[in-house]
Amino acid sequence: MPVTAGPVRRWHAELAWLPGRGVRAGVLIEASGPHFTAVTTGVGPAACPPGTVLLPGFTLPGLANAHSHAFHRALRGVAQAGQGTFWTWRERMYQVAGRLQPDSYLALARAVYAEMALAGVTCVGEFHYLHHDAGGARYADPNQMGLALIEAAAQAGLRITLLDTCYLRGGLAADGSPIALSGAQERFSDGDAARWAERVGELGADEHGMLGAHARAGVAIHSVRAVPPEQMHPVVAWSHAFGAPLHAHLSEQPAENEACLAAYGVTPAQALDQAGALGPRSTMVHATHLTPGDIGLLGGSRTVACFCPTTEADLADGIGPARALADAGCPLSLGSDSHAVVDLLAEARLVELGERLAGGRRGSFRAQELAVAATVAGHACLGWPEAGEIAPGALADLVTVALDTPRLAGLQRGTALESVIFAGTAADVRNVVISGRDVVAGGRHLLVDDVPAALDAAIGPLLSPA
Ligand SMILES: [Zn+2]
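The rules behind the values
Residues numbered from 1 in each chain as written. Predicted model: local features only at pLDDT ≥ 70, side-chain atom pairs only at ≥ 80, totals over all residues. Heavy atoms only, no water. Helix = DSSP H or I, 4+ residues; strand = E, 2+ residues; numbered from the N terminus. Rg over C-alpha atoms; globule rule 2.2 N^0.38 Å. Buried < 20%, exposed > 50% of the residue type's maximum accessible area, 1.4 Å probe, protein only. Contact = heavy atoms within 4.5 Å. Areas by Shrake-Rupley, 256 points an atom, 1.4 Å probe, with all protein chains shown as cover. Donors = N, O, S within 2.8 Å, 3.2 Å for Na, K, Ca; no water. Tetrahedral: all angles 85-135°; square planar, octahedral: opposite > 155°, others 65-115°. Polar contact = N/O pair within 3.5 Å; in protein donor to acceptor, adjacent residues only side chain to side chain. Pairing = 2+ DSSP bridges. Core = buried A, V, L, I, M, F, W, Y, C linked by side-chain atoms within 4.5 Å. Phe/Tyr/Trp six-rings, centres within 6.5 Å; stacked < 30°, edge-to-face > 60°. Arc of directions from axis to C-beta. Expected span 1.5 Å × (residues − 1). Bend = angle between axes of the 7 residues up to and from the residue.

As a further point, take the overall build of the protein. Helix and strand counts for the protein come out as 15 helices and 19 strands. The C-alpha atoms of the protein give 21 Å as radius of gyration, which agrees with the globular expectation for 466 residues (23 Å, within 12%). Seen through its principal axes, the protein has C-alpha atoms that stretch 70 × 50 × 45 Å. Residues counted as buried form 58% of the 466 residues belonging to the protein. Sequence-distant contacts, at least 24 apart, represent 74% of the contacts inside the protein between residues at least 6 apart. Of the roughly 16,600 Å² of accessible surface on the protein, a fraction of 55% belongs to carbon and sulfur atoms.

What follows is the structure in structure tokens.
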């Protein structure tokens with residue numbers, strides 16, 4: 001890809017993981033503007049040109065959070081109290097959704113994205129369905145909520161793919177009959193997919209789907225529960241017209257499968273396949289409860305599977321067939337979804353740990369495969385295939401993890417990636433560079449001065465008694 005000119009910057013990584021090349025010591029990394037221009041291994045710090053930034057620790061490419069609902073962050077802890085299911089959690093989530101307005105959503109998303117940057121996330125895929133005001137009334141600019149999210153990412157220093165989500169009805173009953181929208185759900189719907197497409201058209205994407213240097217447009221079908229098959233075509237067509245990523249929630253709960261079978265006589269994966277919604281540009285989120293036939297459809301079409309294991313555990317969803325999907329041909333990506341925690345290293349290791357718990361066998365995934373899911377594959381499924389690698393031409397994202405923390409002390413170079421993936425946490429991230437720009441240094445966010453205070457200030461009013 002073309003290398004954009006800009007100020008030249010250099011970093012020296014004590015250790016770095018270079019996809020395809022493994023862990024290397026003494027890596028001199030050079031960038032011009034937002035892109036890397038050269039990567040040289042085996043360089044001592046003394047041999048670096050003046051002005052080179054030293055990065056002690058272990059450096060990874062940027063992490064991609066491929067599935068986010070920023071406002072769910074307000075439910076952390078609140079959602080963990082007591083008992084319930086996915087469905088009772090959903091009711092609490094609707095309460096928060098009912099209170100958000102463009103200004104409060106901007107404040108919340110800015111803080112949440114800043115938390116992500118502190119955790120090493122350089123790009124977020126925001127699965128955005130909170131489009132309208134109470135009762136479904138349009139804002140003066142019908143994309144005001146989506147634009148607030150794009151602005152929030154800019155203020156937090158991240159790249160964003162706004163996955164503008166089509167959401168048209170309240171769900172499917174167990175017998176397959178449609179459920180009307182009610183309460184906060186009315187804010188999610190455009191009425192029909194044609195009007196969804198019309199609104200998304202007003203976002204102002206260029207011919208490549210770009211909404212700015214840090215933002216691109218993607219699209220989403222919320223789920224087979226929320227979008228009837230005959231309404232899926234405009235979403236798929238938008239993805240084709242702009243080469244834009246297409247995401248959908250898929251088979252998160254057994255009840256979704258049962259209702260879909262009752263309504264249409266096919267599984268959710270079959271329904272999406274029949275609508276033309278599977279393929280290499282498509283990402284199916286969760287993919288938890290699949291038939292062998294579903295796995296064949298997803299793998300054969302090279303559809304990406306996005307796992308969100310901390311949320312899937314938190315919501316008692318189940319453990320998806322990650323290894324079977326990967327073996328069938330699906331690239332894997334990762335997301336923190338409801339933000340029960342924001343920690344991509346935890347998401348990565350839980351893919352393997354889920355396989356161990358469910359299958360009684362260790363080592364289904366090597367650390368390298370999990371790191372690919374967290375980096376290059378995640379960026380690719382968000383429409384940024386030029387990110388997620390430390391290589392010339394790639395977007396200049398770096399995430400450096402400190403090795404002098406209690407969790408990573410004693411790390412051995414030969415198994416450094418295993419240590420970071422299986423024991424590292426978001427709290428170990430010290431420096432983050434995004435598109436050539438410092439966003440986190442020494443564990444501090446450089447654009448959002450006090451991230452905990454920003455989260456407190458944004459979340460408090462959403463949870464206070466009415
Ligand atoms: Zn989700």
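Next up on the list: unusual backbone geometry. We note that H286 has phi near 85°; this positive angle belongs to a residue other than glycine. Structurally, H286 is set in strand β13 (residues 282–286). Judged by relative accessible area, H286 falls into the buried class, the value being 1%. Its identity as a non-glycine residue notwithstanding, S435 has a phi of 50°, on the positive side. By secondary structure assignment, the location of S435 is in the loop between β17 (429–434) and β18 (437–441).

Donor atoms from the polypeptide that bind the zinc ion are H67 (NE2), H69 (NE2), H249 (NE2) and D337 (OD), placed at 2.1 to 2.8 Å. For the zinc ion, the four donor atoms in the first shell make angles of 84 to 171° at the metal, so the coordination geometry reads as irregular. Along the chain, the residues donating to the zinc ion fall in the pattern H-x1-H-x179-H-x87-D. Separated by 268 residues along the polypeptide, H69 in the loop between β5 (63–68) and α1 (86–99) and D337 in the loop between β15 (332–334) and α11 (344–359) bring together distant segments of the chain. As far as burial versus exposure is concerned, H69 and D337 are alike and both buried.

Our focus in this paragraph is the side chain of H445. Of note, H445 is situated in strand β19 (residues 444–445). Judged by relative accessible area, H445 falls into the buried class, the value being 4%. At 3.0 Å, the side chain of H445 forms a polar contact with the backbone oxygen of A156. A distance of 3.1 Å separates the side chain of H445 from the backbone nitrogen of L447, its partner in a polar contact. Other than its neighbours up to four places away in sequence, H445 contacts A114, A117, L118, A156, V439, V440 and V451.

The strand order across the open sheet formed by eight strands is β3-β2-β1-β4-β16-β17-β18-β19, and the pairing between neighbours is mixed. Taken across any chain shown, the strands that pair with only one partner, and hence form the sheet edges, are β3 (35–40) and β19. Sheet analysis places strand β1 (residues 8–18) next to strand β2 (residues 22–32), joined by ten bridges and oriented antiparallel. Residue W11 lies in a different strand from β2, and its bridge partner there is I29.

With that out of the way, let us pick up the nonpolar core. Residues F58, F71, L100, Y113, I221, L272 and L325 are the most contacted members of the largest nonpolar core, which totals 135 residues. Per-element tally for this core: the top contributor is helix α2 (residues 102–118), with nine residues. What F58 contacts, discounting residues up to four positions off in sequence, is L15, W17, V23, V399, T400, V401, L403, A416, L417 and V420. If you look at the next biggest cluster of nonpolar residues, it comprises 15 residues, including A31, A396, L398 and V433.

Now for the side chain of T375. Along the chain, T375 falls in the loop between α12 (367–374) and α13 (376–381). Classification of T375 as buried rests on a relative accessible area of 1%. Excluding residues that lie within four positions of it along the chain, T375 makes contacts with W17, P61, G62, L63, A64 and G388.

Any aromatic ring pair is given by two values, namely how distant the centres are and how the planes are angled relative to each other. In total, this model carries seven aromatic pairs according to the counting rule given. With a centroid separation of 6.1 Å and an interplanar angle of 80°, the aromatic rings of F71 and Y129 are classed as edge-to-face. Note that F71 is positioned in the loop between β5 and α1 and Y129 in the loop between β6 (121–128) and α3 (144–156), a separation of 58 residues in sequence. Of the two residues, F71 and Y129, both sit in the buried class. Ring geometry for Y167 and F188: centres 4.9 Å apart, planes at 75°, overall edge-to-face. Note that Y167 is positioned in the loop between β7 (159–166) and β8 (171–172) and F188 in the loop between β9 (178–179) and α4 (193–201), a separation of 21 residues in sequence. Each member of the pair, Y167 as well as F188, is classed as buried. Every member of this aromatic cluster is reached through a ring pair, and the members are F71, Y94, Y105, Y129, Y167 and F188.

With that settled, the discussion passes to α4. By the burial criterion, the buried members of α4 are A193, W196, R199 and V200. When α4 is viewed along its axis, its buried side chains cluster within an angular range of 115° and face the same direction. Along its buried surface, α4 packs onto β7, β11 (215–221) and α5 (233–242). Between the side-chain oxygen of the N-cap and the backbone nitrogen of A194 there are 3.2 Å, and the N-cap of α4 in question is D192.

Another aspect to go through is α11. Between its first and last C-alpha atoms α11 spans 23 Å; for 16 residues at 1.5 Å apiece the expected length is 22 Å, and the two agree. Taking the largest bend as the criterion, α11 deviates by roughly 30°, centred on L350. Buried within α11 we find L344, L345, A346, E347, A348, R349, V351, E352, G354 and E355. Capping of α11 at its N-terminal end is provided by D343; its side-chain oxygen lies 3.1 Å from the backbone amide nitrogen of L345. Of the residues one or two after α11, G360 is the one with positive phi, at around 70°.

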